[in-house]
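# Inside the fold
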Amino acid sequence: MANVIKAYFGGEMKEVRPLGRRRKASADCIGLVTLGGYLDGSMADQDKTKVEAHLVECSTCRRVVVELYLLLRLRPAPPAPLELVKAAKALVHDGTLREDFVTQ
């Protein structure tokens, strides 16, 4: 059993294998956009509960969620906007934080 990942879905520990051996999604399966919303936490609690209930039952969607999670986690972070870099540098003087910007 190579590359088996164990993850909690709906409070239950499930084994998830990579998508190498794909099965067809059923008509009840959840779309990629919805699964992406589940992963980034942008969906309502009621919808999240429905997705988790489906993930407990559907090994295909569990695999997709794990693959999406791994892709998102391994994706390099975008560079910081230049304005943010300039503002951060303005807070630092000679390697020390300026005292007038420190809050208690």
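Refer to the structure presented above.
Not measured: the values here are computed from a predicted model.

### Let's talk about the overall build of the protein
- Within the protein, the secondary structure is distributed over four helices and four strands.
- In sequence order, the secondary structure elements of the protein are arranged as β-β-α-α-α-α-β-β.
- Buried positions account for 24% of the 104 residues belonging to the protein.
- Contacts in the protein between residues at least 24 apart in sequence constitute 54% of all its contacts with a sequence separation of at least 6.

### Digging into helix H3 (residues 59-74)
- Taking 1.5 Å per residue, 16 residues should reach 22 Å; H3 reaches 23 Å between its end C-alpha atoms and fits that length.
- Within H3, the full set of buried residues consists of Ser59, Thr60, Cys61, Arg62, Arg63, Val64, Val65 and Val66.

### Structural notes on the nonpolar core
- Formed by Cys29, Ile30, Leu35, Tyr38, Met43, Val51, Leu55, Cys58, Cys61, Val64 and Val65, the largest nonpolar core amounts to 11 residues.
- Elements with a minimum of two residues in this core: helix H1 (32-40), helix H2 (45-57) and H3.
- Per-element accounting of this core gives the leading share, three residues, to H3.

### Quick notes on the packing of H1 against H2
- Interaxial distance between H1 and H2 falls to 11 Å at its minimum, and their mutual angle equals 110 degrees. In terms of orientation, H1 lies roughly perpendicular with respect to H2. Residue-level contacts link Thr34, Leu35 and Tyr38 of H1 to Lys48, Val51, Glu52 and Leu55 of H2.
- Split into classes, the residues belonging to the contact of H1 with H2 amount to four nonpolar, one polar and two charged.

Each value, and the rule that gives it
Residues numbered from 1 in each chain as written. Predicted model: local features only at pLDDT ≥ 70, side-chain atom pairs only at ≥ 80, totals over all residues. Heavy atoms only, no water. Helix = DSSP H or I, 4+ residues; strand = E, 2+ residues; numbered from the N terminus. Buried < 20%, exposed > 50% of the residue type's maximum accessible area, 1.4 Å probe, protein only. Contact = heavy atoms within 4.5 Å. Expected span 1.5 Å × (residues − 1). Core = buried A, V, L, I, M, F, W, Y, C linked by side-chain atoms within 4.5 Å. Axes fitted to C-alpha atoms, helices over the stretch in contact; angles between N-to-C directions. Parallel < 35°, antiparallel > 145°, perpendicular 65-115°, else oblique. Nonpolar A, V, L, I, M, F, W, Y, C, P; charged D, E, K, R; others polar.

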